Amino acid sequence: MTQAVQNAQSRRDFLAGVGALAGISLLPLAGCARSDKVRVGFMLPYTGTYAQLGVAIENGFRLALAEQGGTLGGREVEYFKVDDESNPAKATDNANKIITRDKVDVVVGTVHSGVAMGMIKVARETGTLALIPNAGVNAATGDLCAPNVFRTSFSNWQPTHPLGKVMIDNGHRKAVFITWKYSAGEQALQSFAEGYKAAGGTVIKELFVPFPNVEFQALLTEIAALKPDAVACFFAGGGAVKFVKDYAAAGLKNNIPLYGSGFLTEGVLDAQGDSAEGVITTLHYADSLDNPRNKAFRAAYREAYGMEADVYAVQGYDTGLLLAQALEKAGGDISNRDAIIAAMEGAVIDSPRGRWTMSKAHNPIQDFYLRRVENGDNKVIGVAWKGLEDPARGCNM
Ligand code: PHB
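These remarks concern the structure in this document. Given the structure is predicted, the values throughout are model-derived calculations rather than measurements. (Residues numbered from 1 in each chain as written. Predicted model: local features only at pLDDT ≥ 70, side-chain atom pairs only at ≥ 80, totals over all residues. Heavy atoms only, no water.)

Looking now at empty space enclosed by the protein. On inspection of all chains with the given rule, the structure shows 3 cavities of 30 Å³ or more. Within this model, the largest cavity holds a volume of roughly 90 Å³. If you trace the largest cavity, you find 15 residues lining it, with Val111, Asn134, Phe154, Tyr182 and Phe234 closest to the centre. Its residues assigned to classes, the lining of the largest cavity comprises 11 nonpolar, 4 polar and no charged. Residue contributions to the lining of the largest cavity reach at least three from each of two domains, namely domain 1 (3-154 + 290-362) and domain 2 (158-283 + 370-388). (1 Å grid on protein atoms, 1.4 Å probe; cavity = no way out; pocket = protein on both sides within 12 Å on 5 of 7 lines; lining within 4 Å. Points joined across faces, edges and corners; volume = space filled by probe spheres on them. Nonpolar A, V, L, I, M, F, W, Y, C, P; charged D, E, K, R; others polar. Domains from an automatic or database assignment.)

This is the structure we're talking about:
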């Protein structure tokens, strides 16, 4: 051992001894507990009905960073992951794993609204920066809004808000709404009902299936008996594949038109095949959006992952863009909380979905497109609502 190494060693022993006496750990002083890298944690579903959504979000996020040289504000990035299984009962534990155990600087999560509630609780308690790349739970940017919580996707209020008027314009005055029984479905229904009633429609029946069940047969029989003018719904991922196929197989598709928030036909059109033809939805994205940004993004995504991008990939990508912008403005200093928050609040995201800005409650103000499935593609047939902003009910920020 050289003298210099010996001196350093005895200094570390001394500091560790003092720390032990004082009951505290001085290891960070020796520089071995935390690296200089930005620690990014993905809390996403990698199994279950939303598994495909979690993967697309992570892919999109990584693509955005790869396009900036793989760094954030000039700093290298270290990734941590937890599979939240879209299970709300495990949400607090999983959030603690990534936030408290892995000590991430920023958590990117999640897909499921109920799981997001647990994550937000831990993020609020610890002050950890949380970026929500999908989960629409209204409270995240409503009564639980917080300076350190941002959403890059949508609130559950947003996608179905324009849908009611679309259905009335198409002559459907009596509708049935069917969804999974949890906050995302319930809030999508509430918002749909508000808009539909205001436009002169009546929701004659609300039907629920427990999440993530896909036993739709009994309810499809009930819909056939009710004979509404149309059906509106919220389903996504694996459940959306099954619902759209069962709806067609039950012989309903040609008699009772099917509508939904656009998650119904996102990333699943190949699996749905002919059953999805003609389904009309509203969403803040469509594969076929005709702008150069979208075309370049889709080509880069295809090249990187050998598959097609969808709204979830876009949301992950935009989360990466938002974080990169903020770290750039903060000179790579993730601990400069005020600078990061100010940068995110003022962000303009040049997204494949079209340019969007952050609302005061930290939710995207964005356009919603009207789409119709034609030849296996979500064809854009109009803009259902320009610059739609969530009402942020209960947010006092
Ligand atoms: C949600 O639980 O908030 C959720 C899940 C999947 C979607 C949209 C919303 O596609």
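Past the structure itself, the notes keep going.
Now for helix α9 (residues 237-249). Counted at 1.5 Å a residue, the expected span for α9 with its 13 residues is 18 Å, and the 19 Å between its end C-alpha atoms agrees. Among the residues of α9, Gly237, Gly239, Ala240, Val241, Phe243, Val244, Asp246 and Tyr247 are the ones counted as buried. Summarising the contacts, the buried residues of α9 are in contact with α2 (51-66), β6 (174-180), α8 (217-226), β8 (230-234), β9 (258-261) and α10 (269-272). At the exit of α9 stands Gly251, carrying a positive phi of roughly 80 degrees. (Helix = DSSP H or I, 4+ residues; strand = E, 2+ residues; numbered from the N terminus. Expected span 1.5 Å × (residues − 1). Buried < 20%, exposed > 50% of the residue type's maximum accessible area, 1.4 Å probe, protein only. Contact = heavy atoms within 4.5 Å.)

With that out of the way, let us pick up the nonpolar core. Counting residues in hydrophobic clusters, the biggest one holds 97 residues, and the most contacted among them are Phe235, Phe243 and Leu323. The dominant element in this core, judged by the number of residues it contributes, is helix α12 (residues 311-329), at 11 residues. Inspection of this core shows a minimum of three residues originating in each of domain 1 (3-154 + 290-362) and domain 2 (158-283 + 370-388). Dropping the residues within four chain positions of it, Phe235 is found in contact with Ile178, Thr179, Trp180, Val209, Phe216, Ala240, Phe243, Phe263 and Leu264. Counting residues in each nonpolar core, the second largest holds 22 residues, with Val82, Ala91, Ile98 and Ala123 among its members. (Core = buried A, V, L, I, M, F, W, Y, C linked by side-chain atoms within 4.5 Å.)

On to helix α11 (residues 292-305), then. Taking 1.5 Å of rise per residue, the 14 residues of α11 would be expected to cover 20 Å, and the 20 Å separating its terminal C-alpha atoms lies within 8% of that figure. Taken together, the buried positions of α11 are Asn294, Phe297, Arg298 and Tyr301. What you see down the axis of α11 is that its buried residues fit within an arc of 95 degrees, all on one side. Residues of α11 that are exposed and point more than 90 degrees away from the buried face comprise Pro292, Lys295 and Glu303. (Arc of directions from axis to C-beta.)

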